[in-house]
Amino acid sequence: MTGTFRGGIHPPTMKQATQNKATVVLSAPPRLYVPLLQHIGAPLSAAVEKGQRVLMGQVIGQSDAPLSSPVHAPVSGTVASVELYLHPNGSRVPTVIIENDGLDEVHPSVQPCPIAEADMTLPQLAELMRRAGITGLGGASFPAHVKLSSAEGKARYLLINGAECEPYITCNHRLMLERPEAVLGGIRLLKQALGLTEALVGIESNKLNAVTSLNRAGAEAMGIHCRLLKTKYPQGGERQLVRALTGLHVPDRRLPIDVGCVVFNVETCASVYDAYVTGMPLIERCVTVSGDAVNAPGNFRVRLGTLISHVAEVCGGLSDPPQTVLMGGPMMGTPLFDTSVAVIKNTSALLFFKQAKATYPEDGVCLHCGKCAGVCPSRLLPNYLVGFVRSRDWQEAEKHRLLSCMECGSCAYTCPAGIPLVQYMRLGKDMINQEKRRRKQG
Amino acid sequence: MNTPVINTSPHIRGEDRVRLIMADVLVALFPAVVAGCYFFGLRVLVLCLISVLSCMLFDALGAFFCGRKFGVITDASAAVSGLLLALCLPVGVPLWLPVMGAAFAMLIVKQLFGGLGKNLINPALAARVFLTVSFPDLMAVYTKPFSYIPAFAWQPTLTDAVTTATPLTFLNGGSFPADVSLMQMFLGETAGSVGEVSALMLLGGGLYLLYRRIITWQTPTAFLATVFLLGLLFPAGENAFALRWASYELFSGGVMLAAFFMITDYTTAPVTSNGRLLFGFGCGVLTFLIRRFGSYPEGVSFAVLIMNFLSWPLDRLTWPRAARRKAK
Ligand code: SF4
Ligand code: SF4
């Protein structure tokens with residue numbers, strides 16, 4: 001039986017282009033642009049200065065704030081400057097620009113973890129993850145050590161997200177095929193730290209060979225059970241994954257840990273393993289490069305800080321000038337208006353399209369067909385919420401749980417009238433939150 | 001990089017568009033139209049065309065006067081209303097009657113209430129009730145199947161030789177219709193509105209819509225089950241063969257057409273699945289009550305129109321709650 005959740009949509013997966021392409025290591029470019037903001041939380045301050053020589057794996061940005069995650073030099077070389085530079089989110093943030101010397105000389109702090117796996121405690125592992133700068137690599141880039149610490153004493157289930165439900169993206173799939181031992185090693189460490197004997201890995205049914213791969217690497221013997229999930233978007237959403245794997249509902253405005261679940265992405269697990277075994281912090285990640293404007297779609301290991309234009313060039317170039325460039329998947333990814341931004345920790349994919357794919361007619365009229373309500377994984381009624389947002393009735397909107405919208409975009413994907421539903425939801429959420437902040441201050 | 005197009009996510013969209021949905025509904029109604037032509041002659045086609053065209057015309061006119069945009073999309077939905085209206089008419093009505101109905105449906109019921117997606121009640125059914133009330137003589141005269149009336153007769157004179165009572169009249173009187181077997185009811189070889197007689201064809205069209213996911217199962221199932229069960233439990237007269245009675249109830253009048261094409265109308269029904277179940281149930285109960293106790297033999301249209309007003313309250317009532325802890 002394949003696990004699933006209520007609602008959701010079935011966009012064409014578009015994974016054929018890259019799912020059979022082995023991950024290729026992309027050599028580091030001559031210049032890297034490492035933004036000092038790659039996670040959700042407090043901004044970092046630079047730990048290096050212009051002209052200073054840095055080594056691979058050296059901390060170059062950090063913060064004392066608990067909700068933060070340091071960044072490290074992805075190569076060895078010289079700091080060309082620390083300046084405001086364009087971030088994928090469209091704003092300018094402090095960025096360390098490194099001139100690569102091509103030597104990849106490793107910083108002395110990069111050492112294998114001396115603690116035996118069986119003795120690993122949760123605070124120790126959390127500290128290891130913090131120092132390695134590991135964040136949720138599935139998309140949100142939430143500092144992973146904070147999540148782990150918050151689960152102390154509360155976790156009943158360790159859930160691993162290998163669903164990869166966004167169309168086009170295949171980097172997690174490839175990771176499970178190519179480095180199952182790293183994924184399993186990371187899961188084992190997390191399991192040990194949380195004091196659990198078992199873990200569940202959720203994998204969509206279109207990636208059967210990933211299950212085989214993990215099982216062949218001995219998953220079952222380690223108490224790690226792979227569970228097939230229905231191929232459906234947003235199967236990889238945390239709440240949906242919890243529901244599909246354990247049958248538990250995460251109540252509105254609560255976190256999975258409130259029902260005893262802690263969820264990590266497969267790539268996050270692999271980087272935990274790497275940090276444990278080699279001591280190398282998070283300085284590179286898998287990225288799927290795809291889309292109809294790409295000559296040779298594929299999966300690549302890319303150093304963080306590599307410019308997108310560079311990635312596009314070295315992996316075969318673009319056949320046409322793209323009209324839409326996305327960082328992340330087509331359902332929730334960020335559109336880029338400039339390709340001279342860098343790959344960061346949560347860049348799971350780079351998609352280049354000749355033409356914008358989704359258009360919203362201006363005169364779309366809601367037919368009241370209820371399709372949006374049928375697909376909403378948060379069980380909202382987007383058609384009515386749009387009405388509240390349009391009439392600026394924030395109270396009513398909040399009462400009807402607008403804030404529970406996870407912005408998955410299923411509603412807008414489905415609406416036959418082409419109403420930009422999720423866009424209204426975002427607007428409404430912003431307004432409600434602003435209102436709240438104002439009330440708190442006033 | 002080309003001139004970038006910065007859209008917010010999602011960056012892909014699904015396939016189905018309003019026009020395609022409406023086209024599917026038209027396709028699903030096609031078998032019923034064919035059955036109508038078979039039993040009542042080509043006049044059925046003429047009525048359909050007149051009704052569809054006048055609905056499209058009046059809809060565009062209304063939209064124009066209300067300063068609203070109109071185009072292919074609104075046209076397609078008007079065409080569906082038009083076809084549904086024609087299918088509710090007896091074959092012997094004068095050719096100007098659908099035009100009257102179309103004007104009422106599009107100008108008053110639809111456009112005055114805000115146009116596509118905003119009308120409170122089903123335009124086709126509202127027009128049918130309007131015509132039934134305004135022209136009771138014309139709307140209550142049904143002809144026998146295969147007694148073809150000239151296709152283009154403006155206002156045909158119907159002799160007693162061709163007219164007959166519908167099965168509903170019998171059912172209303174508490175007895176089984178004379179000379180109409182259950183099989184004939186199911187296939188449609190009986191007197192009635194041109195598109196309502198053939199349960200088989202409507203069922204086929206309905207299943208097509210379900211298969212294409214244009215409609216959801218909740219409304220038709222709840223409605224048909226309610227009509228059937230109430231017919232089973234409370235047959236009129238002294239009908240010991242209750243199962244047979246319930247089947248007659250199910251296949252007579254507008255039940256089948258309403259189940260798949262009227263109460264599944266997007267705009268005038270609830271959107272939640274529980275709301276849709278209740279909506280279908282309510283339509284079924286009201287149909288039963290009006291048929292059994294009302295003065296009109298046919299209760300479906302009134303029942304659906306009454307329920308149309310309740311669709312927003314039903315959505316409110318069944319608004320999905322926040323997931324509760326551990327509910328499984
Ligand atoms: S309302 Fe929010 S949660 Fe629901 S489908 Fe739309 S974007 Fe997703
Ligand atoms: S899917 Fe679009 S047309 Fe249908 S009810 Fe929702 S908003 Fe309205």
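The structure presented is a predicted model; accordingly, all values stated were derived computationally and were not measured. (Residues numbered from 1 in each chain as written. Chains lettered and ligands numbered in written order. Predicted model: local features only at pLDDT ≥ 70, side-chain atom pairs only at ≥ 80, totals over all residues. Heavy atoms only, no water.)

### A few points about the overall build of chain A
Reasoning step 1: When you go through chain A residue by residue, the secondary structure sums to 13 helices and 17 strands.
Reasoning step 2: In terms of C-alpha radius of gyration, chain A reaches 22 Å, essentially the compact-globule figure of 22 Å for 442 residues.
Reasoning step 3: If you line up chain A on its principal axes, its C-alpha atoms span 65 × 55 × 50 Å.
Reasoning step 4: Burial statistics for chain A: of 442 residues in total, 60% are counted as buried.
Reasoning step 5: When contacts within chain A are restricted to residue pairs at least 6 apart in sequence, those whose partners lie at least 24 apart make up 74%.
Reasoning step 6: In chain A, 44 side chains carry a positive charge and 36 a negative one; their mean positions are 7 Å apart. (Helix = DSSP H or I, 4+ residues; strand = E, 2+ residues; numbered from the N terminus. Rg over C-alpha atoms; globule rule 2.2 N^0.38 Å. Buried < 20%, exposed > 50% of the residue type's maximum accessible area, 1.4 Å probe, protein only. Contact = heavy atoms within 4.5 Å. Lys, Arg positive; Asp, Glu negative; His and termini not counted. Charge placed at Lys NZ, Arg CZ, Asp CG, Glu CD.)

### Points about the sheet that holds strand β12 (residues 261-265) of chain A
All names here are of chain A.
Reasoning step 1: The parallel open sheet is built from 4 strands, whose spatial order is β11-β10-β9-β12. Both outer strands of the open sheet, β11 (224-229) and β12, are each paired with one neighbouring strand and no more. Between one strand axis and the next, the sheet turns by 25° as a mean value, whatever way the strands run.
Reasoning step 2: Relative to β11, strand β10 (residues 199-204) is paired through 6 bridges, and the arrangement is parallel. Bridge pairing links leucine 200 to histidine 225 in β11.
Reasoning step 3: Packed onto the sheet, helix α4 (residues 180-194) meets β9 (157-162), β10, β11 and β12 and runs at close to 160° relative to β9. (Pairing = 2+ DSSP bridges. Axes fitted to C-alpha atoms, helices over the stretch in contact; angles between N-to-C directions.)

### Structural notes on the interface of chain A and chain B
Reasoning step 1: Taken together, the contacts link 62 residues of chain A with 44 residues of chain B.
Reasoning step 2: Its largest share of buried area at the contact with chain B, chain A owes to A:Leu367, A:His368 and A:Leu381, together 13% of the area lost on that side.
Reasoning step 3: At the surface where chain A touches chain B, the tally comes to 1 salt bridge.
Reasoning step 4: With a shortest N-O distance of 2.9 Å, B:Arg316 and A:Glu396 are connected by a salt bridge.
Reasoning step 5: Our enumeration of links across chain A and chain B arrives at 18 residue pairs in polar contact (both at pLDDT 80 or more).
Reasoning step 6: Of all the elements in the fold, those that place two or more residues in the side of chain A that touches chain B are β15 (324-327), β16 (334-336), α9 (371-375), α10 (382-390), α12 (410-414) and α13 (421-441) of chain A.
Reasoning step 7: For the side of chain A that touches chain B, the class distribution of residues is 33 nonpolar, 17 polar and 12 charged. (Buried area = accessible area lost by both parts, 1.4 Å probe. Salt bridge = Lys/Arg side-chain N within 4 Å of Asp/Glu carboxyl O. Polar contact = N/O pair within 3.5 Å; in protein donor to acceptor, adjacent residues only side chain to side chain. Nonpolar A, V, L, I, M, F, W, Y, C, P; charged D, E, K, R; others polar.)

### Some details on the sheet that holds strand β17 (residues 349-353) of chain A
Residues and elements named next belong to chain A.
Reasoning step 1: Taking strand neighbours across the sheet as the criterion, the 6 strands line up as β1-β14-β13-β17-β15-β16 in an open arrangement whose pairing is mixed. Edge positions in the sheet fall to β1 (24-25) and β16, since each has one partner strand and no second.
Reasoning step 2: Of the strand pairs in this sheet, strand β13 (residues 284-290) and strand β14 (residues 298-303) are connected by 6 bridges, and their pairing is antiparallel. Note that in β14 the partner of valine 287 across the bridge is phenylalanine 300.
Reasoning step 3: Across the sheet, helix α3 (residues 171-178) is in contact with β13 and β14; its angle to β13 comes to roughly 125°.

### Considerations on the domain arrangement of chain A
Residue and element names in this part refer to chain A.
Reasoning step 1: In terms of domains, chain A is made up of domain 1 (117-277) and domain 2 (371-441).
Reasoning step 2: Every contact between the two is made by 6 residues of domain 1 and, on the other side, 8 residues of domain 2.
Reasoning step 3: Of the roughly 560 Å² buried between domain 1 and domain 2, counting both surfaces, carbon and sulfur atoms make up 46%.
Reasoning step 4: Scanning the region where domain 1 abuts domain 2 turns up 1 salt bridge.
Reasoning step 5: Between aspartate 252 and arginine 401 there is a salt bridge whose closest N-O contact spans 2.7 Å. (Domains from an automatic or database assignment.)

### Focus: the site of ligand 2
Reasoning step 1: The local shell around ligand 2 consists of A:Cys366, A:Leu367, A:His368, A:Cys369, A:Gly370, A:Cys372, A:Asn383, A:Cys415, A:Pro416 and A:Leu421.
Reasoning step 2: Split by residue class, the shell around ligand 2 holds 7 nonpolar, 3 polar and no charged. (Near = heavy atom within 4 Å.)

### Quick look at the site of ligand 1
Reasoning step 1: Contacts to ligand 1 come from 13 residues, most closely from A:Cys376, A:Cys405, A:Cys408, A:Gly409 and A:Cys411.
Reasoning step 2: By residue class, the composition of the shell around ligand 1 is 9 nonpolar, 3 polar and 1 charged.

### Quick notes on the side chain of A:Gln58
All names here are of chain A.
Reasoning step 1: Mapped onto the fold, glutamine 58 is located in the loop between β4 (53-54) and β5 (59-62).
Reasoning step 2: Judged by its relative accessible area of 13%, glutamine 58 is buried.
Reasoning step 3: Looking at glutamine 58, its side chain comes within polar contact range of the main-chain nitrogen of leucine 55, at 2.9 Å.
Reasoning step 4: Apart from the residues within four sequence positions on either side, glutamine 58 is in contact with Val48, Gln52, Arg53, Val71, His72, Ala73 and His107.

### Section: the environment of B:Phe251
All names here are of chain B.
Reasoning step 1: Here phenylalanine 251 lies in helix α11 (residues 242-251).
Reasoning step 2: With relative accessibility at 16%, the residue phenylalanine 251 sits in the buried group.
Reasoning step 3: In this structure, the C-alpha to C-alpha distance between phenylalanine 251 and glycine 231, residues 20 residues apart in sequence, is 11 Å.
Reasoning step 4: Setting aside residues up to four positions removed in sequence, phenylalanine 251 forms contacts with Leu182, Met185, Phe186, Ala199 and Met256.

### Thoughts on the side chain of B:Thr143
Residues and elements named next belong to chain B.
Reasoning step 1: As for its position among the elements, threonine 143 is in strand β1 (residues 142-143).
Reasoning step 2: The exposure class assigned to threonine 143 is buried, which follows from its relative accessible area of 3%.
Reasoning step 3: Every residue in contact with threonine 143, bar those within four places of it in the chain, is listed here: Phe40, Val91, Ile149, Leu158, Val162, Thr163, Thr164 and Ala191.

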